[in-house]
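Structural features, examined
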Amino acid sequence: MATTKYEITYIIKPDLDEETKKALVERYDGILTADGAELVESKDWGKKRLAYDINKYREGMYHIVVVNAENADAVNEFDRLSKIDIQVLRSMIVKLEA
C-alpha cells in the first residue's frame, strides 16, 4: 500500500511555558506515531505575529510536523484532538505531492 505524505502545521498558545509546550508537542507526535504514521520531521517554527487575533491572542508559537502514513487514521485523530485542545489555537493539515 502506498504511503501519503502530510504536513501538519499547528499554532500553540504563546503564553505556555517551555516545559508545557514541549510536553504538548511530544504528546501530538506520540498520537501520530501510535496510529501508524512515520514521523519524518517535527520542528518549531518559532513565535510569530498572527494576521488576526485568535481567542484574543496576537501571537502564536508555530510547530510543523511532516509524516508518512499508509492511511489517514493518525492524521484524523490528530485533527480531532487538536480541535478540542484549548492549548492549540489552530491547525492545518496538507497532503503533499509525492
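Residues numbered from 1 in each chain as written. Predicted model: local features only at pLDDT ≥ 70, side-chain atom pairs only at ≥ 80, totals over all residues. Heavy atoms only, no water.

**Considering the overall build of the chain**
Cut-off, in case you're wondering: Secondary structure elements are taken from DSSP: a helix is a run of H or I of four residues or more, a strand is a run of E of two residues or more, and numbering for both begins at the N terminus. Only protein chains enter the calculation, and the probe is 1.4 Å; a residue is then buried if its accessible area is under 20% of its type maximum, exposed if over 50%, and partly exposed in between. In this analysis, two residues are considered to be in contact whenever any of their non-hydrogen atoms come within 4.5 Å of each other. Shrake-Rupley sampling with a 1.4 Å probe provides the accessible areas, and residues are treated as covered by the protein chains on show and by no other component. For the purpose of counting charges, residues Lys and Arg are taken to be positive, whereas Asp and Glu are taken to be negative. His and the chain ends are not included. We put the charge of a Lys on NZ, of an Arg on CZ, of an Asp on CG and of a Glu on CD.
The number of helices and strands found in the chain is two helices and four strands. Ordered by position from the N terminus, the helices and strands of the chain form the series β-α-β-β-α-β. When the backbone C-alpha atoms are referred to their principal axes, the chain occupies close to 45 × 25 × 20 Å. Among the 98 residues that make up the chain, the fraction classed as buried is 40%. Summarising the internal contacts of the chain: among those between residues at least 6 apart in sequence, 73% fall at separations of at least 24. In the form shown here, the chain has an accessible surface area of approximately 6100 Å², with 47% of it arising from carbon and sulfur atoms. In the chain, which carries 15 positive and 19 negative side-chain charges, the distance between the mean positions of the two groups comes to 7 Å.

**Some details on the packing of aromatic side chains**
Worth spelling out the cut-off: Ring geometry is summarised as follows: Phe, Tyr and Trp rings, the Trp one being its six-membered ring, pair when their centres sit within 6.5 Å, and such pairs are stacked at plane angles under 30 degrees, edge-to-face over 60 and tilted between the two. Here, over-ring charges are defined by two tests on the NZ atom of lysine or the CZ atom of arginine: distance to the ring centre within 6 Å, and angle to the ring normal within 35 degrees.
Taken as a whole and assessed by the stated rule, the structure comprises four aromatic pairs. When the centroid spacing of 5.3 Å and the interplanar angle of 55° are considered together, the rings of Y10 and F78 count as tilted. In this pair, Y10 is assigned in strand β1 (residues 4–12) and F78 in helix α2 (residues 73–84), connecting sequence segments 68 residues apart. Looking at Y10, the relative accessible area reads 0%, which means it is buried. Each ring, one from Y28 and one from F78, has its centre 5.1 Å from the other, and the planes form 70°; the classification is edge-to-face. Placement of Y28 in helix α1 (residues 18–34) and of F78 in helix α2 is noted, with a sequence separation of 50 residues between them. This pair shows no difference in class: Y28 is buried, exactly as F78 is. Put simply, the rings of Y10, Y28 and F78 touch in pairs and so form one group of aromatic residues. The aromatic ring of Y28 is capped on one face by R27, whose charged end is 5.0 Å from the ring centroid.

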